[in-house]
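Each chain, letter by letter, is given below.
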Amino acid sequence: MTVSTKINEIESIAASLSSDSTLKKVLTELSGMYRRGDFRLSFSLTNGTANTMPLYSADDRKLVGAHVSFRDDLPNLIHEMTHARVLECYRSDLVNYYCPDNNPIALEFGKGSVPGAPIDTVSLIDTSLNNRRRARYRTNCKTTLEGNLNWLARVAESVDYSETNHKFMSAENKRLLKMPMQTEEDMKRHCSLNAMMMASGFVQKSRKFMKANRINADRLGQEQGRKKSWIQERINYGMNGMGGLGDVHFEYDTVVNQMLLQMHLWGYEESHELFAAIGKLAQEAHERRESAFNSTLPSIKEPRSVIASL
């Protein structure tokens with residue numbers, strides 16, 4: 001599936017939502033960045049680690065865009081596009097809040113363009129990007145962002161995950177998944193459909209005469225546990241990154257937007273307690289990014305606690 005197809009899917013979801021939906025605002029923000037084209041975006045699909053790299057002009061070494069490497073699922077694309085949007089708005093080495101000071105760490109460029117990126121661009125070597133990013137960190141911002149995620153973690157621990165519109169897959173999808181796989185194409189179709197059902201939070205419904213109720217209750221319970229574990233892992237990633245290599249300074253907006261879309265794909269209403277809680281974080285971050293877009297001095301200069309607004 002091409003990036004343009006996925007952007008169309010993002011825009012279709014946004015169009016289905018009410019005007020006051022935070023998810024609609026976020027999806028429109030990200031698809032708008034793609035459609036405008038003034039901040040250059042390039043994309044590559046990966047089966048491995050997804051990431052987003054700043055792109056600089058090979059001629060004058062000015063920041064011109066970002067290369068987005070993403071896995072083939074929509075929430076992951078939203079995660080990586082949020083990195084690009086943060087870069088476009090703050091221009092602060094992927095830090096997800098406004099940084100007023102010039103960076104004391106020098107730009108060190110690699111040779112040639114990032115694989116898949118335009119050939120007239122270059123990117124920073126990893127050590128330069130990491131050091132420049134860490135030089136911008138502000139302790140007070142970390143305290144606020146971690147406070148927001150810790151509050152969200154408490155909500156995620158106690159909330160009822162059964163209150164979703166997506167429970168059992170259709171009889172037709174169940175039939176298709178049970179069909180024998182005789183060719184490579186059959187395998188591809190099976191894997192694609194199975195991935196779609198998992199992404200949407202559906203399970204197969206048992207119709208066994210004596211044990212169906214217990215089997216179905218177990219399957220729904222396991223699925224609720226899977227959703228809870230995924231949300232908790234994303235919250236932890238927002239604070240600690242992968243294996244402790246990341247942190248809340250640049251993995252906050254990304255996981256918040258990723259969780260926001262995933263809740264929708266799982267069939268939850270935005271009024272659901274956890275969906276609404278994630279929405280509070282997403283709305284606050286969205287407003288900050290919007291205040292910084294095309295502005296040398298944003299009106300919202302640092303993250304705000306969502307807990308204070310409760």
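Above this text sits the structure in question.
Residues numbered from 1 in each chain as written. Predicted model: local features only at pLDDT ≥ 70, side-chain atom pairs only at ≥ 80, totals over all residues. Heavy atoms only, no water.

### Here we look at empty space enclosed by the protein
Then comes step 1: For the coordinates displayed, the defined rule picks out one cavity of 30 Å³ or more.
Then comes step 2: The computed volume of the largest cavity comes to approximately 50 Å³.
Then comes step 3: If you trace the largest cavity, you find it lined by Y161, S162, T164, H166, K167, G201, L220, E223, Q224 and K227.
Then comes step 4: Residue composition of the lining of the largest cavity, grouped by class: two nonpolar, five polar and three charged. (1 Å grid on protein atoms, 1.4 Å probe; cavity = no way out; pocket = protein on both sides within 12 Å on 5 of 7 lines; lining within 4 Å. Points joined across faces, edges and corners; volume = space filled by probe spheres on them. Nonpolar A, V, L, I, M, F, W, Y, C, P; charged D, E, K, R; others polar.)

### Concerning the nonpolar core
Then comes step 1: If you look at the biggest cluster of nonpolar residues, it comprises 64 residues, and the most contacted ones within it are L149, L152, I231, L274 and I278.
Then comes step 2: In terms of residue count, the dominant contributor to this core is helix α9 (residues 252-265) (eight residues).
Then comes step 3: Leave out the neighbours within four places in its chain, and L149 touches I235, G238, M239, V248, Y252, V256 and L281.
Then comes step 4: V86, Y90, Y98 and A292 belong to the second-largest nonpolar core, a separate cluster that totals five residues. (Core = buried A, V, L, I, M, F, W, Y, C linked by side-chain atoms within 4.5 Å. Buried < 20%, exposed > 50% of the residue type's maximum accessible area, 1.4 Å probe, protein only. Helix = DSSP H or I, 4+ residues; strand = E, 2+ residues; numbered from the N terminus. Contact = heavy atoms within 4.5 Å.)

### Remarks on the packing of helix α2 (residues 22-36) against helix α3 (residues 74-90)
Then comes step 1: α3 packs onto α2 with a crossing angle of 70° between their chain directions and a minimal axis gap of 10 Å. Relative to α3, α2 is oriented roughly perpendicular. As α2 runs across α3, the sense of the crossing is left-handed. Only I78, M81, T82, A84, R85 and E88 of α3 make contact with α2, whose side of the interface consists of L27, E29, L30, M33, Y34 and R36.
Then comes step 2: Taken together, the residues that form the contact of α2 with α3 break down as seven nonpolar, one polar and four charged. (Axes fitted to C-alpha atoms, helices over the stretch in contact; angles between N-to-C directions. Parallel < 35°, antiparallel > 145°, perpendicular 65-115°, else oblique. Left-handed = near helix turned anticlockwise from the far one by under 90°.)

### Comments concerning helix α5 (residues 139-158)
Then comes step 1: The end-to-end C-alpha separation of α5 is 29 Å, in line with the 28 Å expected for 20 residues at 1.5 Å each.
Then comes step 2: For α5, the set of buried residues is C141, T144, L145, N148, L149, W151, L152, V155 and A156. Within α5, the buried residues cover an arc of 150° as seen down the axis, which keeps them to one side. For α5, the exposed residues set more than 90 degrees away from the buried face come down to T139, T143, R154 and S158.
Then comes step 3: If you follow the buried residues of α5, they end up packed against α8 (212-240), α9 and α10 (273-292). (Expected span 1.5 Å × (residues − 1). Arc of directions from axis to C-beta.)

### Focus: the layout of surface pockets
Taking a probe equal in size to a water molecule and rolling it over the atoms shows the remaining empty space.
Then comes step 1: As a volume, the largest pocket reaches approximately 810 Å³.
Then comes step 2: Lining the largest pocket we find 25 residues, and of these D72, D73, L74, A195 and A199 sit closest to its centre.
Then comes step 3: Those elements giving two or more residues to the lining of the largest pocket turn out to be α1 (3-15), α3, α7 (184-200), α8 and α9.
Then comes step 4: Counted as a void, the second largest pocket has a volume near 670 Å³.
Then comes step 5: What lines the second largest pocket is a set of 25 residues, among which A50, N51, Y237, F250 and E251 lie closest to the centre.
Then comes step 6: Where the lining of the second largest pocket is concerned, the elements lending two or more residues are β2 (51-57), α3, α4 (126-135) and α8.
Then comes step 7: A per-element tally of the lining of the second largest pocket places α4 first, with five residues.
Then comes step 8: Here the residues of the lining of the second largest pocket sort into eight nonpolar, ten polar and seven charged.

The quantities given are spatial measurements derived from coordinates; they are silent on function.
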